[in-house]
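Analysis of the macromolecular model
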Amino acid sequence: VSDDGDIMDKAKWEMAVAEHKKGSSAPVDKPEVAVCDFGGDAPVLEVEPPLVATLEPEFLYGGVSAPTAGGPDHLLPQLRGEALKRAQAAGWKGTAFERFELLETRSQVVAGQNHRMKVKIDEAGTCAHLLVFEPLSGAAQLRDMKVPCRLEDPIEI
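Below you will find a few notes about this structure. (Residues numbered from 1 in each chain as written. Predicted model: local features only at pLDDT ≥ 70, side-chain atom pairs only at ≥ 80, totals over all residues. Heavy atoms only, no water.)

Considering the pairing of strand 6 (residues 127–135)
Here is the rule we go by: Note on classification: 1.4 Å probe, protein chains only; a residue is buried when its accessible area is under 20% of the maximum for its type, exposed when over 50%, partly exposed between these limits. Each helix is a run of H or I in the DSSP string that is no shorter than four residues. Each strand is a run of E no shorter than two, and both are numbered from the N terminus. Pairing between two strands requires that DSSP report at least two bridges joining them.
For strand 6, a buried count of eight out of nine residues is recorded, marking the element as mostly surrounded by other parts of the structure. Where strand 5 (residues 112–120) lies against strand 6, nine bridges are found, and the strand directions are antiparallel. Paired with Lys-120 across the bridge in strand 6 is Cys-127. Hairpin connection from strand 5 to strand 6: six residues lie between these consecutive antiparallel strands, with Gly-125 at a positive phi of about 100°. Where strand 6 lies against strand 7 (residues 141–149), six bridges are found, and the strand directions are antiparallel. Each bridged residue has a counterpart across the sheet, and for Phe-133 the counterpart in strand 7 is Gln-141.

And the structure:
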């Protein structure tokens, strides 16, 4: 899109609009323009988002990823005992975590990684949701948990 608001590459613009409409019901008729007027003799800046801004990013620093099957299951052995202790302290009267199988993970890059995990804890399909911080160095830490959860529940922690 030019400084005048004219669409310079119509094919790219139409492709971005089509992609946007696939994933959103919001109308996209023309580009949005942010105008910054600093007053005085400073020039007025007009900033337009790039066409790809309407597409979903594959990875966003600080953002939480979409749920994926599996995940960092190497962390589970060191978390199992602490998770059971916390669940019992919170009033959990269920099983002693006869299983501890990682089903799904959502991750977030911070100074290390936060992992939001769905872990199956028994044969009946009861799950626990764990928030685990994996620092750049050192042992993983269980920050929070929610139990009981169902297999079909989205990770909410």
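What to know about helix 2 (residues 76–89)
The criterion, for reference: Expected helix span is given by 1.5 Å per residue-to-residue step, counting one fewer step than there are residues. Working rule for contacts: check all heavy atoms of both residues, and any pair within 4.5 Å makes them a contact.
Here helix 2 contains 14 residues, and its C-alpha end-to-end distance of 20 Å stays within 8% of the 20 Å for a straight helix at 1.5 Å per residue. Every buried residue belonging to helix 2 is among Leu-76, Leu-79, Ala-83, Leu-84 and Ala-87, and all of these are buried. Buried residues along helix 2 sit against strand 4 (101–110), strand 5, strand 6 and strand 7. Directly beyond the C-terminal end of helix 2, a positive phi value near 105° is found at Gly-91.

Details of the sheet that holds strand 5
So the rule is basically this: Under this scheme, a helix contributes an axis fitted over its contacting stretch, all axes are lines through C-alpha atoms, and angles between N-to-C directions fall in the 0 to 180 degree range.
Taken together, five strands build an open sheet; the order of strands is 3-4-5-6-7 and the sheet is antiparallel. Because the sheet does not close on itself, it has two edges, and the strands there are strand 3 (68–69) and strand 7. Bridge analysis of strand 4 against strand 5 gives nine bridges, and the strand direction is antiparallel. Across the sheet, Leu-102 pairs through a bridge with Val-119, a residue of strand 5. Across the sheet, helix 2 is in contact with strand 4, strand 5, strand 6 and strand 7; its angle to strand 7 comes to roughly 60°.

A word on the nonpolar core
Threshold: As used here, the term nonpolar core means buried Ala, Val, Leu, Ile, Met, Phe, Trp, Tyr and Cys residues forming a set that is joined through side-chain atoms within 4.5 Å.
Phe-97, Phe-100, Met-117, Val-119, Leu-130, Val-132 and Met-145 are the most contacted members of the largest nonpolar core, which totals 19 residues. Elements represented by at least two residues in this core include exactly helix 2, strand 5, strand 6 and strand 7. Looking at this core element by element, the count peaks at five residues for helix 2. Apart from the residues within four sequence positions on either side, Phe-100 is in contact with Leu-76, Leu-79, Arg-80, Ala-83, Val-119, Lys-120, Ile-121 and Leu-130.

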